[in-house]
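These are the residues of each chain, in order.
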Amino acid sequence: MKINISLLLTILLLTACNSKTEEKKSQTSDQKESVADTLNTSSKPLTDQQKKNVVDFIPAGYALYKEEGMEDIKGHLNKDGLQDVVLVIKGTNPAKFVDDEYRGRLDRNRRGIIVLLNKGSHYEVASKNYNCFSSENEDGGVYYAPELGLSIEKGNLIVSYGHGRYGHWSYTFRSQDGDLALIGYDASYNRGPVPQTETSINFLTRKKLTRDNLNKDDDGESYVENFEDSWETVEVSTLLKLSEIKDFDELRF
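Our subject in this report is the structure included herewith. Numbers given to residues run from 1 along each chain, matching the order in which its sequence is written. Confidence filtering applies because this is a predicted model: local features only for residues at pLDDT of at least 70, side-chain atom pairs given and counted only at 80 or more, and all residues used for totals across whole chains, interfaces and linings. Each side-chain value is worked out from all heavy atoms of the structure, with water and hydrogens disregarded.

**Examining the pairing of strand β7 (residues 111-118)**
Each regular strand displays side chains that alternate between the two surfaces of the sheet. Summary of the burial criterion: residues with accessible area below 20% of their type's maximum are buried, those above 50% are exposed, and those between are partly exposed, where the area comes from a 1.4 Å probe applied to protein chains only. Numbered from the N terminus, helices here are DSSP runs of H or I no shorter than four residues, and strands are runs of E no shorter than two. In terms of burial, β7 is largely enclosed, as 8 of its 8 residues are buried. Here β7 shows two buried faces, one formed by Arg111, Ile113, Val115 and Leu117 and the other by Gly112, Ile114, Leu116 and Asn118. Taken together, the 6 bridges between strand β4 (residues 84-91) and β7 define a ladder with antiparallel strand orientation. Bridge pairing links Val85 to Leu116 in β7. Any two strands between which DSSP finds at least two bridges are classified as paired.

**Some remarks on the sheet that holds strand β15 (residues 227-233)**
Pairing within the open sheet is antiparallel, and its 7 strands lie in the order β9-β10-β11-β12-β13-β14-β15. In this open sheet, the two strands that pair with only one neighbour each are β9 (147-153) and β15. Between one strand axis and the next, the sheet turns by 15° as a mean value, whatever way the strands run. Bridge count for strand β10 (residues 156-162) against strand β11 (residues 167-176) is 6 bridges, and the pairing is antiparallel. Across the sheet, Tyr161 pairs through a bridge with Trp169, a residue of β11. Axis lines are fitted to C-alpha atoms, over the contacting stretch for helices. Their N-to-C directions set the angle, which ranges from 0 to 180 degrees.

As structure tokens, then:
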């Protein structure tokens, strides 16, 4: 049987060309699918922890809390150059309103916090705690209740309390591990203009500084600052997270 060499070569050439054509089609199809996957990923709907407007994060039963003259709490928390936002919220439960003999009708709904990271096209929850702060209308006894303040300083969230002549204290939080971790505590306990003791704790180094005022009994006019410092190590197994704090009034260090 004779083999037609010319016909055989033609068949082989056509087969090779068809194979290359199918390969190109397959590559083109794969490229289109890859582009489509990329577009679908970039246009995924936002989750419950992601929204475009900060007010949309306020849960039902709460309202944005902002005292007169209070500025918006903004700053940089995660070193990406975008300005992050902190919201203070307050419950709106009518059952939490009380009548005080001297102060009248008082709203005793507790307050909370929502920390939002700016992602450019939207905001994302870094930490939230809806009831960790007492009402601004708590009973301060013979003095007014401590005043709450929040700020972003040097990449950290500062939660501070001022109590007039009795002193002040603050908690420093840093963004990490999907939350905000407590890394520092500072306090000054006073008697009028004269500080009694000062405390500073670094939970990262586990070091606590206590400064005892040796002239704590002096009056304001003749007072001369004279502190004696002492250091100790504090036991810290894990850093306390902002979302885990049930009540800032109960924190003791």
